[in-house]
Amino acid sequence: MRTFLPLAFWYWLYNQLFFFLGALGFFAIHFIVAIIGFGGMDTLASGILITLYALILYKLFGRFLWRSRLQQYNPGNTQLLCASLLPLILGSVMLTASFAIADGKIYNTMTAMPVLAAINLSLSYLPLAKSVWTMLILGSIFNIFTITCFWRYCRKYLQQEIPWLKLFTIIAICLAVCTIIIYSITIMYLPDDKAGR
């Protein structure tokens, strides 16, 4: 526990910062590409620049955040697995619970966004996603990306690997349960409010 809590905190911070900086870079790159103009190559140019930017973030987080801390804490596989899954699972449960408490009304669900942002920033931009399930899937995709980067850090700096089968089994179960609940609530309140669509 003495090792897990600091590890979980740093992983949470890493996940939050990666999304925040990634989102800033995403919008900045699209803005710059739109101003410069590449003709019919705008999408390709944006894709290349976003990929390069993600690679830069990956390198920076590895060098300045994870290299020394992973070697300092030297956690086991179970601690690595739990720390990397915690933001995604807590965020997914909070998002689903907020939707249930709000009786399937998407605008009422938005009142929980500040709490969701504190848990997992990638699951808190519901006004842009316009759907709770879409938000869940998009947030999960981003979290799987950050977990993949984290796995590479663990393999590089600790010579350890996160048990992928167990990790994706837990993620799949979490997403399946949340999806069933969201779908059931949407169907339950569909005649009165089509917000779940």
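Quick notes on the rules
Residues numbered from 1 in each chain as written. Predicted model: local features only at pLDDT ≥ 70, side-chain atom pairs only at ≥ 80, totals over all residues. Heavy atoms only, no water. Axes fitted to C-alpha atoms, helices over the stretch in contact; angles between N-to-C directions. Helix = DSSP H or I, 4+ residues; strand = E, 2+ residues; numbered from the N terminus. Parallel < 35°, antiparallel > 145°, perpendicular 65-115°, else oblique. Left-handed = near helix turned anticlockwise from the far one by under 90°. Nonpolar A, V, L, I, M, F, W, Y, C, P; charged D, E, K, R; others polar. Contact = heavy atoms within 4.5 Å. Core = buried A, V, L, I, M, F, W, Y, C linked by side-chain atoms within 4.5 Å. Buried < 20%, exposed > 50% of the residue type's maximum accessible area, 1.4 Å probe, protein only.

**Let's talk about the packing of helix α1 (residues 4-36) against helix α2 (residues 42-73)**
Each pair of packed helices can be summarised by the angle the axes make with each other and by the distance between the axes.
Move 1: Interaxial distance between α1 and α2 falls to 10 Å at its minimum, and their mutual angle equals 160°. The orientation of α1 with respect to α2, classified from their angle, is roughly antiparallel. At the point where α1 passes α2, the crossing takes the right-handed sense.
Move 2: Among the residues making up the contact of α1 with α2, the classes are represented as 22 nonpolar, 4 polar and 2 charged.

**Let's talk about the side chain of S46**
Move 1: Position of S46 among the secondary structure elements: in helix α2.
Move 2: In contact with S46, not counting residues within four places along its chain, are I29, H30 and V33.

**Structural notes on the nonpolar core**
Move 1: Counting residues in hydrophobic clusters, the biggest one holds 45 residues, and the most contacted among them are Y14, W66, L70, L80, L95, F150 and Y153.
Move 2: In terms of residue count, the dominant contributor to this core is helix α7 (residues 132-157) (11 residues).
Move 3: Contact partners of W66, with chain neighbours within four places excluded, come to L7, W10, Y11, Y14, F61, F150, Y153 and Y157.

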